Amino acid sequence: MLLLLVYALIGVVLVTVVASASAVHLQRKRLLALADAAALDAADALDDRAFYAPSGVAPGDGVPISDASVRRSVQTYLVARGPAGLNQVTIAQPTGTPDGATAEVTLASVADVPLVSVVLAGWGGGIPLRATSRARTGL
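Sequence order as written defines the numbering, with residues in each chain counted from 1. Predicted model: local features are reported for residues with pLDDT of at least 70 only, side-chain atom pairs are reported and counted for 80 or more only, and whole-chain, interface and lining totals are derived from all residues. The basis for the side-chain values is all heavy atoms of the structure; hydrogens and waters are excluded.

**Q** Got a minute to help me understand the overall build of the protein chain in this structure?
**A** If you tally the helices and strands in the protein chain, you get three helices and three strands. Going along the chain from the N terminus, every DSSP run of H or I of four or more residues is numbered as a helix, and every run of E of two or more is numbered as a strand. Taken from the N to the C terminus, the helices and strands of the protein chain come in the order α-α-α-β-β-β. Burial analysis of the protein chain (139 residues in total) assigns 36% to the buried set. Within the protein chain, contacts between residues at least 6 apart in sequence are counted, and of these 63% link residues at least 24 apart. Total accessible area on the protein chain is roughly 8400 Å²; 63% of this is exposed by carbon and sulfur atoms. Classification of residues uses two cut-offs on accessible area relative to the type maximum, computed with a 1.4 Å probe and protein chains only: under 20% is buried, over 50% is exposed, and between them is partly exposed. Any two residues whose heavy atoms approach within 4.5 Å are treated as being in contact. The accessible surface values rely on the Shrake-Rupley method and a 1.4 Å probe; as for residues, cover is taken only from the protein chains in view.

**Q** Just checking my understanding: could you explain the packing of helix 1 (residues 2-43) against helix 3 (residues 67-81) for this structure?
**A** Axis angle and axis distance: for two packed helices, these are the angle between their axes and the distance between the axes, and together they describe the pair. Comment: axis = line fitted to C-alpha atoms, over the contacting stretch for helices; angle = value between 0 and 180 degrees taken between N-to-C directions. The geometry of helix 1 relative to helix 3 is characterised by a closest axis approach of 9 Å and an angle of 130 degrees between their N-to-C directions. Here helix 1 lies oblique to helix 3, going by the angle between them. Crossing handedness for the pair helix 1 and helix 3: right-handed. Counting all contacts with helix 1, which are made through Leu34, Ala37, Ala38, Asp41 and Ala42, the residues of helix 3 involved are Val70, Ser73, Val74, Tyr77 and Leu78. Angle categories: roughly parallel below 35 degrees, roughly antiparallel above 145, roughly perpendicular from 65 to 115, and oblique for all the rest. Each crossing gets its handedness from the near helix: less than a right angle anticlockwise from the far helix is left-handed, clockwise is right-handed.

**Q** Hey, could you run me through the nonpolar core in this one?
**A** In globular proteins that are soluble, nonpolar side chains generally tend to be buried together. Val70, Val74, Val105 and Leu107 are the most contacted members of the largest nonpolar core, which has 22 residues in total. Looking at this core, the elements with two or more residues in it are helix 1, helix 3, strand 2 (102-111) and strand 3 (127-136). It is helix 1 that provides the largest number of residues to this core, a total of eight residues. Excluding residues within four positions of it along the chain, Leu107 makes contact with Leu31, Leu34, Ala35, Val74, Leu78, Thr90, Ile91, Ala92, Leu129, Arg130 and Ala131. As used here, the term nonpolar core means buried Ala, Val, Leu, Ile, Met, Phe, Trp, Tyr and Cys residues forming a set that is joined through side-chain atoms within 4.5 Å.

**Q** Would you mind going over the side chain of Ser69 with me for this structure?
**A** Its location among the elements puts Ser69 in helix 3. Residue classification places Ser69 among the buried positions, given a relative accessible area of 2%. Between N or O atoms, a polar contact is any pair within 3.5 Å; within protein, one atom must be a potential hydrogen donor and the other a potential acceptor, and residues adjacent in sequence are included only when both atoms are from side chains. Of the polar contacts made by the side chain of Ser69, one reaches the backbone nitrogen of Ser66; its length is 2.9 Å.

In structure tokens form, the structure reads like this:
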């Protein structure tokens, strides 16, 4: 009887660990998909100052973007689309453009651990997640 109880306890702990790890993995995938979509949207965020500057933009240069236009686009995207079932989504560093043609977006979130067992008690407050995505202008 005691051995059966121990095996049952081990089985319950394993189920909670696997279920929680799967939930955290799915939340990370959601965060990565949100970062991908925000980076694609930010790659099309035109920097008005660079575009309308006296020197102008030569054909084939692409859409000029800046750190400010990328951050503004990501903030607008997150407000319009929502956090996609994620908690505490924030824009983290590095978010901007390293070369003026690539939008780099980093989002941070806290993943909830749905089934907190004895093994997972240390992560009861959530697990911090980060996702970075890059997109280049298409023109």
